[in-house]
Amino acid sequence: MDRTPSLPPTLQNVLDQTSLKWIFCGGKGGVGKTTTSCSLAIQLASVRESVLLISTDPAHNLSDAFGQKFGKDATKVNGFDNLYAMEIDPTGSLQEMAEQSQDAMGGMVQDLAFSIPGVDEAMGFAEIMKHVKSMKYSVIVFDTAPTGHTLRFLSFPAVLEKALGKLSSLGGRIGPMLSQISSMMGGQPGMQEDLFSKLEGMREVINEVNNQFKDPEKTTFICVCISEFLSLYETERLIQELTTYEIDTHNIVINQLLHPNKDSNCEHCRVRTAMQQKYLNEAYELYDDFFHLVKLPLLTEEVRGPEKLKAFSKMLVEPWIPPPSC
């Protein structure tokens, strides 16, 4: 039985909050994060000057969703004047930076950098944010990897701050010695200083971005789930972690809800619908007073291509009302 939500069951609040700069969509694998993030980006494009949609999931799906190839450079989405998309690898940027230092001492510093747990991904994140921050978009939507990867992604500022603190300290103590040895071995003078300078520059960028991530006027996280135990459990874990990181979250999208015809004789549909309703009720009990709970149906066809995504995206701002179920 449907109940009246405490807060409007749409993402209209996200569209109305014009101060938002960073919007993350995340949750368990297979719950429809990409469809949700693409649909949200489409709706934002109707009210913002320019929108950038970024996939940080190694198993990129934006190209499949829009039926258009995207890469590490922002590309305009077909059928839109102000919507752009890109697919990036958070772990690839540090390797590119380190490869610029080709001498033996550069290899040593590279090995030192990679020896710090999580620093490769964290620096990759810093490079991404440095790149993205230089772009002039009104709002940026992240289609993130499954929950565990996303939580690491959001913890990178702290990891990076710790790692760069160590590397900066190391650079101050042994940087001159490394440069001298590097020159004796035929390396280019000043190369190590350049590397440490780049690392320090990353540190400044990541601190600024981290402060913005913790500002609810600039950043919010939209949790995406389905109405099943494991997905709801992971959503609660995600919300608790986001609270720890001081990242605002007040929207939950519940995807793939069944809506069989009233006269359907499908036993499978009846059982699955009853199970979904059970966990939907639990979601309302847990979150209804503080979250916008957005319900979206399971459709009979894939939501692929700009036109189907446009049609689907309307349900993010116009409450979906399921027909009477069996």
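Relevant structure appears above.
Residues numbered from 1 in each chain as written. Predicted model: local features only at pLDDT ≥ 70, side-chain atom pairs only at ≥ 80, totals over all residues. Heavy atoms only, no water.

S.K.: Report on the overall build of the chain, specifying residues and quantitative values.
M.R.: Each helix and strand counted, the chain has eleven helices and eight strands in total. Burial analysis of the chain (326 residues in total) assigns 50% to the buried set. Within the chain, counting contacts between residues at least 6 apart in sequence, those at least 24 apart form 80% of the total. If you sum the accessible surface of the chain, you get close to 15200 Å²; carbon and sulfur atoms cover 53% of it. (Helix = DSSP H or I, 4+ residues; strand = E, 2+ residues; numbered from the N terminus. Buried < 20%, exposed > 50% of the residue type's maximum accessible area, 1.4 Å probe, protein only. Contact = heavy atoms within 4.5 Å. Areas by Shrake-Rupley, 256 points an atom, 1.4 Å probe, with all protein chains shown as cover.)

S.K.: I'd like a description of the layout of surface pockets, backed by residues and values.
M.R.: By volume, the largest pocket is sized at about 550 Å³. Taken together, 24 residues make up the lining of the largest pocket; nearest its centre are V31, G32, T35, Q256 and V303. Among the secondary structure elements, those contributing two or more residues to the lining of the largest pocket are α2 (33-45), α3 (62-66) and β7 (251-257). Here the lining of the largest pocket gets three residues from one element, more than from any other, and that element is α2. (1 Å grid on protein atoms, 1.4 Å probe; cavity = no way out; pocket = protein on both sides within 12 Å on 5 of 7 lines; lining within 4 Å. Points joined across faces, edges and corners; volume = space filled by probe spheres on them.)

S.K.: How would you sum up the sheet that holds strand β8 (residues 292-297)? Please name residues and give values.
M.R.: Strand order in the open sheet formed by eight strands is β3-β4-β2-β5-β1-β6-β7-β8, with mixed pairing between adjacent strands. With partners counted over all chains shown, the strands left at the sheet margins are β3 (75-76) and β8, one partner each. Bridging between strand β6 (residues 219-226) and β7 involves five bridges; their strand directions are parallel. If you follow C223 over to β7, its bridge partner there is I252. Each of β1 (22-26), β2 (51-55), β4 (83-87), β5 (139-143), β6 and β7 touches α2; the most contacted strand, β5, lies at about 170° to it. (Pairing = 2+ DSSP bridges. Axes fitted to C-alpha atoms, helices over the stretch in contact; angles between N-to-C directions.)

S.K.: Hey, could you go over the nonpolar core for me, with residue numbers and the actual values?
M.R.: One finds I23, L40, F66, L83 and I252 to be the most contacted residues of the largest nonpolar core, which totals 74 residues. The residues touching F66, leaving out its near neighbours within four places in the chain, are C38, I42, L53, V77, F80, L83, G305, P306 and L309. (Core = buried A, V, L, I, M, F, W, Y, C linked by side-chain atoms within 4.5 Å.)

S.K.: Describe in detail a nonpolar patch on the surface, supporting the description with residues and values.
M.R.: Judged by side-chain polarity, F229, L230 and Y233 come together as a nonpolar surface patch covering roughly 360 Å² of accessible area. Here F229 is to be found in helix α9 (residues 229-244). (Patch = residues over 30% accessible without salt bridge, like charges linked within 9 Å, V, L, I, M, F, W, Y side chains within 5 Å. Salt bridge = Lys/Arg side-chain N within 4 Å of Asp/Glu carboxyl O.)

S.K.: Let's hear about the pairing of β5: which residues, and what values?
M.R.: Burial analysis of β5 places five of its five residues in the buried class, the great majority of the element. The side-chain alternation of β5 yields two buried faces, one formed by V139, V141 and D143 and the other by I140 and F142. Looking at chain direction, β1 and β5 are connected through four bridges and run parallel. Bridged to C25 within β5 is D143. Pairing between β2 and β5: five bridges, direction parallel. Bridging from a neighbouring strand, I54 pairs with F142 of β5.

S.K.: If you had to explain the packing of aromatic side chains to someone new, which residues and values would you point to?
M.R.: Using the criterion set out here, one finds ten aromatic pairs in the structure. Aromatic pair F229 and Y279: ring centres 6.4 Å apart, planes at 55°, arrangement tilted. Of the two residues, F229 is situated in helix α9 and Y279 in helix α10 (residues 267-287); the sequence distance between them amounts to 50 residues. A centroid spacing of 5.3 Å and a plane angle of 70° characterise the contact between Y287 and F291, whose relative ring orientation is edge-to-face. As far as the burial class goes, Y287 and F291 line up, both buried. Residue placement shows K310 over the ring face of F80; its charged tip is 4.8 Å from the ring centre. (Phe/Tyr/Trp six-rings, centres within 6.5 Å; stacked < 30°, edge-to-face > 60°. Lys NZ or Arg CZ within 6 Å of the ring centre and 35° of its normal.)

S.K.: Lay out the side chain of T219 with the relevant residues and their values.
M.R.: On the secondary structure map, T219 appears in strand β6. Here Q212 takes part through its backbone oxygen, which lies 2.9 Å from a polar atom of the side chain of T219. Here T219 is in contact with L20, W22, F24, Q212, F213, I247 and D248, once residues within four sequence places are set aside. (Polar contact = N/O pair within 3.5 Å; in protein donor to acceptor, adjacent residues only side chain to side chain.)

S.K.: Account for the pattern of salt bridges, with residues named and values stated.
M.R.: Opposite charge on two side chains allows them to pair when their charged atoms are near. This structure, assessed with the given rule, holds five salt bridges. Across the salt bridge formed by E228 and R272, the nearest N and O atoms sit 2.7 Å from each other. Residue E228 is located in the loop between β6 and α9, and its partner R272 is located in helix α10; the two are separated by 44 residues in the primary sequence. Here E228 falls in the partly exposed class, since its relative accessible area comes to 25%. On the accessibility criterion, R272 (29% relative accessible area) is partly exposed.

From the geometry alone we can't say anything about function, so treat these as descriptive.
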